[in-house]
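Each chain is listed here by its residues.
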Amino acid sequence: MDISKRASQISPFYVMELLEKARMMELQGHRVIHMEVGEPGFETPDSIKSAAAAALAEGKTFYTHSLGIPELRQAISDEYAASCGIYIPPDRIIITNGSSAAFVLIFATLLEPGRTLALSDPGYPCYKNIALLTDCTIKPIEVSPETNYEILPQYLDETPWPDLLVIANPSNPTGAVYRPETVIALHQRMSVAGGLLVVDEIYSGLTYDIDFSSSASISDDIVVVSGFSKAYAMTGWRLGWMIVPSDLVRPIQKLAQNLFIAPPSISQYAALNAFDEKEELAKMRALYKERRDFLIPRLNSLGFVISRIPDGAFYIYAGIEGFGMDSMTFVERALEEAGVAITPGYDFGAFGASSHVRFSYADRIENLKEGCQRLEVWLKGLT
Ligand SMILES: Cc1ncc(COP(=O)(O)O)c(C=O)c1O
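A brief report on the enclosed structure follows. Everything numeric here is computed off the predicted structure, so don't read it as measured data.

Conventions used here
- Residues numbered from 1 in each chain as written.
- Predicted model: local features only at pLDDT ≥ 70, side-chain atom pairs only at ≥ 80, totals over all residues.
- Heavy atoms only, no water.
- Near = heavy atom within 4 Å.
- Polar contact = N/O pair within 3.5 Å; in protein donor to acceptor, adjacent residues only side chain to side chain.
- Areas by Shrake-Rupley, 256 points an atom, 1.4 Å probe, with all protein chains shown as cover.
- Axes fitted to C-alpha atoms, helices over the stretch in contact; angles between N-to-C directions.
- Helix = DSSP H or I, 4+ residues; strand = E, 2+ residues; numbered from the N terminus.
- Parallel < 35°, antiparallel > 145°, perpendicular 65-115°, else oblique.
- Contact = heavy atoms within 4.5 Å.
- Nonpolar A, V, L, I, M, F, W, Y, C, P; charged D, E, K, R; others polar.
- Buried < 20%, exposed > 50% of the residue type's maximum accessible area, 1.4 Å probe, protein only.
- Pairing = 2+ DSSP bridges.
- Salt bridge = Lys/Arg side-chain N within 4 Å of Asp/Glu carboxyl O.
- Right-handed = clockwise from strand over helix to strand, strands pointing away.

## Structural notes on the site of the ligand
Then comes step 1: Taken together, Gly98, Ser99, Ser100, Tyr124, Tyr127, Asn172, Asp200, Ile202, Tyr203, Ser229, Lys230 and Arg238 form the complete shell of residues around the ligand.
Then comes step 2: Asp200 is positioned such that a nitrogen or oxygen atom in its side chain is 2.6 Å from a nitrogen atom of the ligand.
Then comes step 3: Here Lys230 contributes a side-chain N or O atom positioned 2.7 Å from an oxygen atom of the ligand.
Then comes step 4: Protein chains shield 92% of the accessible area of the ligand, which is 400 Å² for the free molecule.

## A word on the packing of helix H11 (residues 327-338) against helix H12 (residues 365-382)
How two helices sit against one another is set out by the angle between their axes and by the gap between those axes.
Then comes step 1: At a minimum axis distance of 10 Å, the contact between H11 and H12 shows a crossing angle of 110 degrees. In terms of orientation, H11 and H12 fall into the roughly perpendicular class. Counted together, Phe330, Arg333, Ala334, Glu337 and Ala338 of H11 and Arg374, Leu375, Trp378, Leu379 and Leu382 of H12 form the full contact between these two elements.
Then comes step 2: Classifying every residue of the contact of H11 with H12 by side-chain character gives seven nonpolar, no polar and three charged.

## Examining the pairing of strand E12 (residues 356-360)
Then comes step 1: With five of five residues buried, E12 is to be regarded as a mostly interior element.
Then comes step 2: Neither face of E12 is open: one carries His356, Arg358 and Ser360, the other Val357 and Phe359, and all of them are buried.
Then comes step 3: As paired elements, strand E11 (residues 343-344) and E12 share two bridges and run antiparallel to each other. Looking at E12, one finds that Pro344 is bridged to Val357.

## A look at the pattern of salt bridges
Then comes step 1: In total, this model carries 21 salt bridges according to the counting rule given.
Then comes step 2: Taking the shortest distance from any N to any O, the salt bridge between Arg23 and Glu26 comes out at 3.4 Å. With Arg23 and Glu26 both in helix H2 (residues 14-27) and three residues apart, this pair spans about one turn of that helix.

## Brief notes about the pairing of strand E6 (residues 196-200)
Then comes step 1: With five of five residues buried, E6 lies mostly within the body of the structure.
Then comes step 2: Because side chains alternate across E6, one face comprises the buried residues Leu196, Val198 and Asp200, and the other comprises Leu197 and Val199, equally buried.
Then comes step 3: Assessed by its sense of winding, the connection that carries the chain from strand E5 (residues 164-168) through helix H7 (residues 180-192) to E6 is right-handed.
Then comes step 4: In the sheet, E6 pairs with strand E7 (residues 222-227) via four bridges, with the strands oriented parallel. Of the residues in E7, the one forming a bridge with Val199 is Val224.

## What about unusual backbone geometry?
Then comes step 1: A cis amide bond links Asp121 to the next residue, Pro122, at an omega of 5 degrees.
Then comes step 2: You can see Pro122 is positioned in the loop between strand E3 (116-121) and helix H6 (125-131).
Then comes step 3: The residue after Asn169, namely Pro170, is reached through a cis peptide bond having omega -5 degrees.
Then comes step 4: Looking at the secondary structure, you find Pro170 in the loop between E5 and H7.
Then comes step 5: Look at Ile261: it is not a glycine, yet its phi comes out positive at around 65 degrees.
Then comes step 6: Relative to the helices and strands, Ile261 is located in the loop between helix H8 (246-259) and helix H9 (265-271).
Then comes step 7: Within the chain, Ala313 stands out as a residue other than glycine whose phi angle is a positive 60 degrees.
Then comes step 8: Turning to its location among the elements, Ala313 is positioned in the loop between helix H10 (278-302) and strand E9 (315-319).
Then comes step 9: Among the residues examined, Ala313 registers a relative accessible area of 0% and is labelled buried.

And the structure:
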């Protein structure tokens, strides 16, 4: 049987394909430096692991409430109160199977043929690929370093006006952090036309030298998506959350019950300890910052162009115009000839895709140093 039209529209997630290729090379005995993966280079903090072991020992192995255990929804509400000074009622907080599932739920609830989702190009590719399953219209909006990679409100004026606008703050792949006034203006523009703003704050715990303010403080009618994967080093636990306007809770719950039944039980009990790990999180953040501060000048010295200093996440989006190679060729050759895995711009859209690559600095600094050294030797050999 032929695969559906919808499924055939989905592009591969090149970074995962590259990772698989890199793993194959490793199996064959090659050493590969990983500057492609969007995954913390740290294990989950110990107290979270211990809480998971305790939950297992206590037999908490059953389906939970479809919206998540009440204790965790309360803990997330308390965390917003403590860290941002805002009160989010726990009944507007929905626990999800990774933040990825939050996008499945919100898009499936609100998008359909004839409705439009706007997103930034370059941007996180899964938004588009998840939304395509709803047969909605996708409106990519080109963003550039001149505007700090922000979608500006006036960009929305072109038709079709979006029903939903999703932004990542901080962004993947650029690491850019939106100025609060831009988010406020985007929310106003969307609201005037009856649309909804969705802000992905999965990297909000990873910002450097700036104050980050959650969009949850702007208005109750912004959807905020976040999760434990990145700042809490919990990618494999598949746990995220979203804050939604009250009237969306029930429609989302009905979908969540059918699609996922419940978020993972052990992960939820483990995550109850996550917000007590402030010191551990601060240590990880300091190490990421050190890696970023090493990598930016080093990549510049190799000829990569970094137009904006990334303020968050663990990515550097770099121009490769000077090397005279398409980004796909560049990353394939860097992997095969230098043993360094990097992500091609094509993973993040079409705009500037051929002339950009994304470096991740989630790995240890020794490995990043070795990666740069290998790239240096390889690039010298090309001329
Ligand atoms: C911007 C962005 N949002 C969401 C996700 C998905 O994260 P999760 O592990 O919570 O599903 C990622 C993962 O890389 C991401 O980069």
